[in-house]
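Inside the fold
If you want the building blocks of each chain, they are given just below.
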Amino acid sequence: MHTIIAYFTLTWRPLYLRHGHSFPVHSFKMSWRPQYRSSKYRHVFGKPATKENCYDGVPITRSVHDNHLCTVNPRFIAVITECAGGGAFLVLSINHTGKVDPHHPRVSGHRGNVLDIKWNPFNDFCIASCSEDTTVKIWDIPEHGVLKNITVPRKELQGHSRRVGLIEWHPTANNIIFSTGYDYQVMVWKLDVPEQVIKNPLRSISVHSDVVLSMSFNTDGSRLATSCKDKKIRVFDPRTGTLLQETNCKSHKANKVLFLGNLKMLLSTGNSRWNHRQIALWDQEDLSQPSYSEDLDGSSGVLFPFYDPDTHMLYIAGKGDGNIRYYEISPEKPYVHYLTEYRSFLPQKGMGVMPKRGLDVCSCEIFRFYKLVTIKSLIEPLSMIVPRRSESYQEDIYPMTAGNKPSMTADEWIGGLDKGPVMMSLRPGSKLDSYVELDEKSSSTTYVSNGQLDSMHCSPPKTENELRQMFYKQQEEIRRLKEQLNQKDVRIKQLELEIKNVRNSQANL
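Summary of the structure given here. Only a predicted model underlies this, so the values are computations on that prediction, with no experimental measurement involved.

This part covers the overall build of the protein. Within the protein, the regular secondary structure consists of four helices and 36 strands. When burial is assessed residue by residue, the protein has 50% of its 509 residues classed as buried. For the protein, restricting intrachain contacts to residue pairs at least 6 apart in sequence, the fraction spanning at least 24 positions comes to 52%. Summed over its atoms, the accessible surface of the protein is roughly 24800 Å², and 51% of this surface lies on carbon and sulfur atoms.

If you want it as C-alpha cells, here you go:
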C-alpha cells in the first residue's frame, strides 16, 4: 500500500502542481490509517444454548408487526403466539426449557391479535399487553406460573380509537405506562387507581402525523424519543407532551430509535436514500443532521437496536437475519467502534432481552438474547460472553446497574419530579441498593444511600456493611476514571497522528 501511495505521489503530483492544483497527500494517507483501540470487549463472543436449554415447539405468531414479540425477566419468558379467535401470549418459567406442551395454558383475554407485550420492570409477576382490539391490559401472573388459561386482566385501559401497536413502561416511576396506536396518539396511563377499567388517560399526546414505530426513554424518563412512519424522529417531554426536537433529514429514513444511556445521544436504524440499511447517531439537543451514519447492507429486514449502558455496547439484529452485529459506543469521535458479529443460519423473527440482574455473572455473561426462530418453532437463548480465565466475579465488566425498584411513585412523577434509576450490584450475595441521580449538565453521578448523601469525605464507616458499600462505590469510581483515561489516551494518539499527517503534507508542498 505504501508503494502504491509513493508511486502515485511521484507520478501525478508534478502534473497537479503544474496545473495549479494542490495535492492532499495527508488526506490520502489518513483514509488508509488503521484505527487501533484497546477494549475489554473486543473478544466478546456469542454462545447459543444447547438444544435441551432452548424452548422447543412454541407456536410463535405469524404477525408481520415489526416488534420484538418476546419479553423476558429473571423468572419468566413471554412470547406472542398464533391463536385462532382472538389474541394470546404464552408465559413460561425461565427454567421450563425443552419441549413445550402444545396445550400449555395461555394468557388469552384479548379479542384481537396481540401486538406487543412488556414485563413491568419493577414487578416480575406483572405484564402488559396491547392488541388490535384497541385496548391495553395489565395481567398478574401467579408465582408458580400459568397453570390454567388467564382471561381476566387486573386492569384494562380503553382510550385508543384504533389498534394499539406499542407499549412502554416508564423506567423509574412506578405504575406509569405509555401506549401508542394507529390513531397516532401517545397516551400516558396511571395504574394505581381503584377502577378496573380505565377509560381516561392522564394525557394524550398528539404530535405525530402517522403511526409511531418505536418509543424509547432516556435514563431518568424525562425525555421520550419516537420514530414514526413519516420517517422522522421526535423528542418530547413525556409529562407535558411538549415537542422539543424533530428531525428533518432527507438522507436517513428512521425506523427504530433508541436513547444511548447518559451519552446524550440517540441511535436510529433505518434506510438511506439509496435504500440501504443504515444506522445513525444524533445529538439529543440537535436533530438537524446525524453526527454519524453508516450503511450496513442492502437487505430489507427491520434492524432492531439494543444498547447496554453499563458496557456501552450496541447490538444490531436484523429481522430475518441470522447474524447480530455489535459495536462499542464512545462519547467522542468517531463514536461507533465495530467489534465483530455473531453469525448463525437460523433467522430471527423477534428478540427478547434478559435484564442485567438475570445474567450469569460467574460465566462473564454481559448480555443475553432470546431469538425467536419461527422456521423451527424455537426460542434460542444466546449469551454474549467476555472470555476470562478467572472464575471469580469480574468487577470491571459489572458496574452498578439499574435494579428492580422504582425511584419514585406515579404521583411524584406527575408532580414534576425526575429521578435516575435505583442501582444495584450484580456481585453474588450483594444486597446493595443505591439511588443514582444523574446531573444532565455535568454528566456526574451522585450516590445516595438510605436517603443520605454519601461522598468521598464522609465520616469513617462504623459497620462492616458500611465499609462494604464504600468499597463498592470506590471501585465503581475507579472503574469510571480508568475508562475516561483510556478514552482520552486514544483521543491523544488520534490527534498526534493527525498533526503528524498535516506536518508531512505541509512539508511536501
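There is more to say after this.
Cis geometry is adopted by the peptide bond preceding proline 334, which originates at lysine 333 and carries an omega value of 5 degrees. Structurally, the position occupied by proline 334 is in the loop between strand 27 (324-329) and strand 28 (336-342). If you check the backbone angles, lysine 264 has positive phi at about 60 degrees while not being a glycine. Along the chain, the position of lysine 264 falls in the loop between strand 21 (252-259) and strand 22 (265-272). Residue lysine 264 is classed as partly exposed on the basis of its relative accessible area, which comes to 27%.

When you tally the buried positions in strand 27, you get six out of six residues, the bulk of the element. Across five bridges, strand 26 (residues 313-318) lies against strand 27 in antiparallel orientation. In the strand pairing of strand 27, isoleucine 316 is matched with arginine 325. Hairpin connection between strand 26 and strand 27: a loop of five residues separates the two successive antiparallel strands, and glycine 320 in this loop has a positive phi of roughly 90 degrees. Relative to strand 28, strand 27 runs antiparallel, the two sharing six bridges. When the bridges of strand 28 are listed, arginine 325 appears paired with glutamate 341. With antiparallel pairing between neighbouring strands as the criterion, strand 27 and strand 28 make up a hairpin whose turn holds six residues, including tyrosine 335 at a positive phi of roughly 70 degrees.

Once that is clear, we can look at the sheet that holds strand 7 (residues 107-110). If you walk across this open sheet you meet the four strands as 3-4-5-7, and the pairing is antiparallel. In this open sheet, the two edge strands, each paired with only one partner strand, are strand 3 (70-72) and strand 7. Between one strand axis and the next, the sheet turns by 20 degrees as a mean value, whatever way the strands run. In terms of strand pairing, strand 3 meets strand 4 (residues 76-81) through three bridges, oriented antiparallel. Bridging across to strand 4, valine 72 finds its partner in isoleucine 77.

Now for the nonpolar core. Across soluble globular proteins, you tend to see nonpolar side chains buried next to one another. Grouped together as the largest cluster of nonpolar side chains are 31 residues, with contacts concentrated most on Tyr55, Ile77, Phe89, Val91, Ile141 and Tyr370. Elements with a minimum of two residues in this core: strand 3, strand 4, strand 5 (87-93), strand 8 (114-119) and strand 30 (365-373). With five residues, strand 4 is the largest single contributor of residues to this core. Among all residues touching tyrosine 370, those that are not within four sequence positions of it are Tyr55, Cys70, Val72, Ile77, Ile94, Gly350, Met351, Gly352, Met354, Ile379, Glu380 and Pro381. Core analysis: the next-biggest nonpolar cluster, separate from the first, contains 26 residues, Val302, Ile324, Phe367 and Phe369 among them.

Working definition: the strands of a sheet are paired by backbone hydrogen bonds and lie parallel or antiparallel to each other. One open sheet holds the four strands; their spatial order is 25-26-27-28, and the pairing between them is antiparallel. The open sheet has two edge strands with one neighbour each: strand 25 (303-308) and strand 28. The average angle at which neighbouring strand axes cross in this sheet is 25 degrees, direction not considered.

Enumeration over the complete set of coordinates arrives at 13 aromatic pairs. When the ring of phenylalanine 178 is compared with that of tryptophan 413, the centres are 6.1 Å apart and the planes differ by 75 degrees; the resulting orientation is edge-to-face. Linking phenylalanine 178 in strand 13 (residues 176-181) with tryptophan 413 in helix 3 (residues 410-414), this pair joins segments that are 235 residues apart in sequence. In this pair, the class of phenylalanine 178 matches that of tryptophan 413, namely buried. Of the aromatic side chains, those joined through ring pairs into one cluster are Phe306, Tyr315, Tyr326, Phe367 and Phe369. The ring of tyrosine 182 has arginine 163 sitting right over it, with the charged end atom 4.0 Å from the ring centre. In this structure, arginine 273 packs its charged tip against the face of tryptophan 274, placed 5.8 Å from the ring centre.

Looking at where arginine 234 falls in the secondary structure, it is placed in strand 19 (residues 233-236). Within the structure, arginine 234 has its side chain in polar contact with the backbone oxygen of valine 207 (distance 3.3 Å). Only 2.9 Å separates the side chain of arginine 234 from the side chain of glutamate 246, close enough to count as a polar contact. Filtering out sequence-adjacent residues up to four positions away, arginine 234 remains in contact with Val207, His208, Ser209, Leu224, Ala225, Thr226, Cys228, Leu243, Gln245 and Glu246.

Here we take up the environment of lysine 40. Structurally, the position occupied by lysine 40 is in the loop between helix 2 (25-31) and strand 1 (45-48). Lysine 40 sits 271 residues away from threonine 311 along the chain, and the two C-alpha atoms are 9.5 Å apart.

About the criteria used
Along each chain, the written sequence defines residue order, and numbers are assigned to residues from 1. In keeping with the predicted nature of the model, local features appear solely for residues at pLDDT of at least 70, side-chain atom pairs appear and are counted solely at 80 or more, and the whole-chain, interface and lining totals rest on all residues. Calculated side-chain values reflect all of the structure's heavy atoms, with hydrogen atoms and water omitted. Under the scheme used here, helices are H or I runs from DSSP no shorter than 4 residues and strands are E runs no shorter than 2 residues, and both carry numbers assigned from the N terminus. Only protein chains enter the area calculation, which uses a 1.4 Å probe; residues under 20% of their type maximum are buried, those over 50% are exposed, and those in between are partly exposed. Here, two residues are considered to be in contact whenever any of their heavy atoms come within 4.5 Å of each other. The Shrake-Rupley method, run with a 1.4 Å probe sphere, supplies the accessible areas, and residue values consider only the shown protein chains as cover. Here, a strand pair is defined by DSSP locating no fewer than two bridges between the strands. Helix axes use the C-alpha atoms of the stretch in contact, all axes being lines fitted to C-alpha atoms, and the angles between their N-to-C directions lie in the range 0 to 180 degrees. By convention a nonpolar core is built from buried Ala, Val, Leu, Ile, Met, Phe, Trp, Tyr and Cys residues, the set being connected through side-chain atoms within 4.5 Å. Note on ring pairs: Phe, Tyr and Trp rings are taken, using the six-membered ring of Trp, and paired if centres are within 6.5 Å. Classes follow the plane angle, with under 30 degrees stacked, over 60 edge-to-face and the rest tilted. Sitting over a ring, as applied to charges here, requires NZ of Lys or CZ of Arg to be within 6 Å of the ring centre and within 35 degrees of the ring normal. Any pair of nitrogen or oxygen atoms within 3.5 Å is treated as a polar contact; in protein, a donor-acceptor pairing is required on top of that, and neighbouring residues in sequence qualify only through side-chain atoms on both sides.

It is worth stressing that arrangement in space is one thing and function is another; only the former is reported here.
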